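Commentary on secondary and tertiary structure
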Amino acid sequence: MKNIIVKTANLTRLKDSYDEITSIVGDDPRMAVLHGFAGAGKTTGVRQLALQHGDLFLRASCTWTPTALLGDLAHELRLECGRSRSHRLRAIKEAMDINPRTLFLDDADQLFNVGSRQQVLVLFETLREIHDEAQMPIFFVGMENFAPRLREWEQLARRVVDQIEFEPLDLIDAIAIARQRCEVVIADDLIEELHTHSGGSCGRITNGLRAIERYGKQCEIDPVTLSDWKASDRKFYLDLAKVK
């Protein structure tokens, strides 16, 4: 499959939110929450957006302390700074003054797992400082229940100015991915079958299209139709329900 990002409805909403958040000036809040089910394509979407705009991508860790968080962020910014929390925060602020960038914080649900409530509070206070002092836009990327959990933490929740939900892909999106990424032609009836069984999961649709493409190349079938696929007795992807 071609290594390209297809502009789905989810990615369009993400880009619109990004444009709005990054246009905020002054001391106004500039946090956003991107949430959705596993396999919705959140990580792929934010990685690509960060790459396109020279922004920062970090995976949250349940082992983070405030100093470790700042250290990872400083590393992404390629900064040489002291080991202390205050030195790292100062260096990050100075770097942002020169070259403003947005932080995409993936697996943000891990922030709730760093330890006691007090430890979570201290880590959130560090993120608030990064946001406020460095005026760094932050996108928290988490699962469906991330936003409700964040509401308990007022120091961050009141700074969130946008929420984006990655919803299941519709059939139009699935067809667009097949047309733009696959190196064999896949008939619409087979894409529709895959879309139905995937439940609109971006990950499952991608895996299924990859399996179909591999079959088409191996058997020199182009286009691959639904009847071809059913006759092959192959599976779209590993599935506990044994869906084909």
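Residues numbered from 1 in each chain as written. Predicted model: local features only at pLDDT ≥ 70, side-chain atom pairs only at ≥ 80, totals over all residues. Heavy atoms only, no water.

What about the packing of aromatic side chains?
Aromatic ring pairs are defined here through the distance separating the ring centres and the angle between the ring planes. Here is the rule: To pair, rings of Phe, Tyr and Trp, with the six-membered ring standing in for Trp, must have centres within 6.5 Å; the planes then decide the type, stacked if under 30 degrees apart, edge-to-face if over 60, and tilted in the middle. Burial here depends on accessible area, computed with a 1.4 Å probe over protein chains only, as a share of the maximum for the residue type. Under 20% is buried, over 50% is exposed, and the range in between is partly exposed. Counted as over-ring charges are cases with an Arg CZ or a Lys NZ within 6 Å of the ring centre that also lie within 35 degrees of the ring normal.
Under the definition given, this model contains ten aromatic pairs. Taking the centre distance of 5.3 Å and the plane angle of 5 degrees together, the rings of W229 and F236 count as stacked. For the pair formed by W229 and F236, the shared burial category is buried. Site record: aromatic cluster; members linked through ring pairs are F112, F124, F140, F146 and W153. Looking at R117, its charged tip hangs above the ring of W153, at a distance of 4.2 Å from the centre.

So, the sheet that holds strand β1 (residues 31–36)
We count it as follows: A pair of strands is considered paired only if DSSP assigns at least 2 bridges between the two. Numbering of helices and strands runs from the N terminus, with a helix taken as a DSSP run of H or I at least four residues long and a strand as a DSSP run of E at least two residues long. Axes here mean lines fitted to C-alpha atoms, for a helix over just the part in contact, with angles spanning 0 to 180 degrees between N-to-C directions. Note on contacts: a residue pair qualifies if any of its non-hydrogen atoms lie within 4.5 Å across the two residues.
Overall, parallel pairing links the five strands, which are arranged β2-β3-β4-β1-β5 in an open sheet. Unpaired on one side and paired on the other, β2 (56–59) and β5 (160–166) mark the two borders of the sheet. Shown here is a sheet whose adjacent strand axes are inclined to one another by a mean of 20 degrees, direction ignored. Pairing between strand β3 (residues 103–106) and strand β4 (residues 138–142): three bridges, direction parallel. Opposite L105, over in β4, you have F140 as the bridge partner. Each of β1, β3, β4 and β5 touches helix α1 (residues 9–22); the most contacted strand, β5, lies at about 170 degrees to it. Each of β2 and β3 is contacted by helix α3 (residues 66–76), which is oriented at about 145 degrees to β2, the strand it contacts most.

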